[in-house]
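A look at the structure
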Amino acid sequence: MTIIFAILLFSILIFVHELGHFLAAKASKVQVNEFSIFMGPAIFKKQVGETLYSIRCIPIGGYCAMEGEDTDTDNPRSFQKASWWKRLIILVSGSGMNFIAGLLLMLIVFMPAQQFITPVISGFEEGCTLNGESGLQVGDRFLEVDGEKIYVQSDFGMLLSLNPGDVHDLVVERNGQRVVLDDFKMEKHDFPNSDGTTSPRYGFSFSIEDATFGSKLQYTWNSTVNVVRTVRLSLQMLLTGKAGISDMSGPVGIVQQMSDVANSSETWVDALLNMLYFGGFIAVNLAVMNLLPIPALDGGRVVALLLTTGVEKVTRKKINPKYEGYIHAAGMFLLLALMAFIMFKDIFVIFKG
């Protein structure tokens, strides 16, 4: 069931992305030759007006093929003949639709919530060394950790873990004022548990607030924006060498993670909500990743559009779109090779485990 749900989820997200391009193209009067879900040989085709609608057999990707997208043509309704701002809207609409889909999935997940944990200190355990006149106090709301904003309470531990060591730069809100605690030592100590054991922790607790309709909307937005930040932090870790390709997961690895989360959920409702959260997380990831300035991705096409538009304005000469097509084709080949590598790596990890 998890695999079926995951395939259905990926299919919906692909459909939503391509639908964004399709609707923007139609609204801009650009001719759409084919609107396809998935890749490979077609298992279903239907011609409606100027557009061929198809479903293909390999459940990866999809496309909205517009007239004159990568080639020069005399068709006045081709992609290349549209004004630059219309082409820009068409290119970013796929990611825009994925972001909206992610936002809606997050809202579905958080709507049943009765309470939220907030990044506000409600109290300290006896023996805690972090509170005091020059330290943390009851009622402090964490705003930043090491220069990164706190969107939801879970950000606190995550951001602390990104920077090794006990010394961190904190910003809290206290009585309506911003208080900066630079080079603040966040020490963990062993504190007693209810069962008589001890465990290392900071020694303070967070507040809990009732979930109103307004707070659910705010929590949904904060969580969605937080996913965008997570993508950016992940890319930073890749570029700085803190993470490698071996740490990346493709569709196979994601399905495995979804299965693990679903199986560890206490009830089928919890499992469904957890998987929908995964769906929202993936949707927002797709939105951001597709806008990266990499050939073959929407972001690469946006950069090419802005560059060629600028060059053509200066030189008064039109650049043949086939050259851009060559670059995107090369980029697509490299991306497919990377996807294949990650897929086989995920499969190897699953069988090894």
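All chains use their own residue numbering, which begins from 1 and follows the written sequence. In view of the model being predicted, local features appear only for residues whose pLDDT reaches at least 70, and side-chain atom pairs are presented and counted only at 80 or more, with totals across whole chains, interfaces and linings using the full set of residues. Side-chain numbers come from the whole structure's heavy atoms, not from hydrogens or water.

Considering the packing of aromatic side chains
Working definition: rings of Phe, Tyr and Trp (its six-membered ring) pair if their centres are within 6.5 Å, and the pair is stacked with planes under 30 degrees apart, edge-to-face with planes over 60 apart, and tilted otherwise. Within the structure shown, the criterion is met by 18 aromatic pairs. Note on F99 and W221: the rings are 6.1 Å apart at their centroids and 75° apart in plane angle, and the pair reads as edge-to-face. Here F99, found in helix 2 (residues 84-110), pairs with W221, found in helix 4 (residues 213-240); they are 122 residues apart in sequence, far enough to count as distant. Think of it in three bands: residues with accessible area under 20% of the maximum for their type are buried, residues over 50% are exposed, and the middle band is partly exposed, with areas taken using a 1.4 Å probe on protein chains only. Given the relative accessible area of 22%, F99 is considered partly exposed. A ring pair is formed by F156 and Y202, whose centres lie 6.3 Å apart and whose planes are at 75°; its orientation type is edge-to-face. Within this pair, whereas F156 is found in helix 3 (residues 155-162), its partner Y202 is found in the loop between strand 9 (198-201) and strand 10 (204-210), the two being separated by 46 residues in sequence. With respect to class, F156 is no different from Y202; both count as buried. An aromatic cluster is built from F124, F142, F156, Y202, F204 and F206, whose rings are joined through pairwise contacts. Over the aromatic face of Y202 sits the side chain of K188, whose NZ or CZ is 5.2 Å from the ring centroid. The secondary structure listing takes helices from DSSP runs of H or I that are at least 4 residues long and strands from runs of E that are at least 2 residues long, numbered from the N terminus. Charge-over-ring placement is defined geometrically: NZ (Lys) or CZ (Arg) within 6 Å of the ring centre, and within 35 degrees of the ring normal.

Topic: the packing of helix 2 against helix 6 (residues 268-289)
Interaxial angles span 0 to 180 degrees and are taken between N-to-C directions of axes, which are lines fitted to C-alpha atoms, for helices over the stretch in contact. Where helix 2 contacts helix 6, the two axes come as close as 8 Å, and the packing angle between them is 160°. Accordingly, the angle class assigned to the pair helix 2 and helix 6 is roughly antiparallel. Helix-helix and strand crossings are classified by hand; for helix 2 and helix 6 the assignment is left-handed. In contact with S95, N98, F99, A101, G102, L105, M106, I108, V109 and F110 of helix 2, helix 6 contributes L273, L276, Y277, G279, G280, F281, A283, V284, L286 and A287. Ten residue types, Ala, Val, Leu, Ile, Met, Phe, Trp, Tyr, Cys and Pro, are classed as nonpolar, four, Asp, Glu, Lys and Arg, as charged, and the remainder, Gly among them, as polar. The class makeup of the residues in the contact of helix 2 with helix 6 is 15 nonpolar, five polar and no charged. Here roughly perpendicular refers to angles of 65 to 115 degrees, roughly parallel to angles under 35, roughly antiparallel to angles over 145, and oblique to all remaining angles. Should the near helix be turned anticlockwise from the far one by less than a right angle, the crossing is left-handed, and should it be turned clockwise, the crossing is right-handed. Pairs of residues are marked as contacts when any of their non-hydrogen atoms sit within 4.5 Å.

Quick word on helix 3
Residues of helix 3 that are buried include every one of D155, F156, L159 and L160, and no others. In a view along the axis of helix 3, the buried residues occupy a sector of 125°, so they form one face of it. Of the surrounding elements, those touching the buried residues of helix 3 are strand 4 (141-145), strand 5 (148-149), strand 6 (167-174), strand 10 and helix 4. Along the arc lie the directions from the helix axis toward the C-beta atoms.

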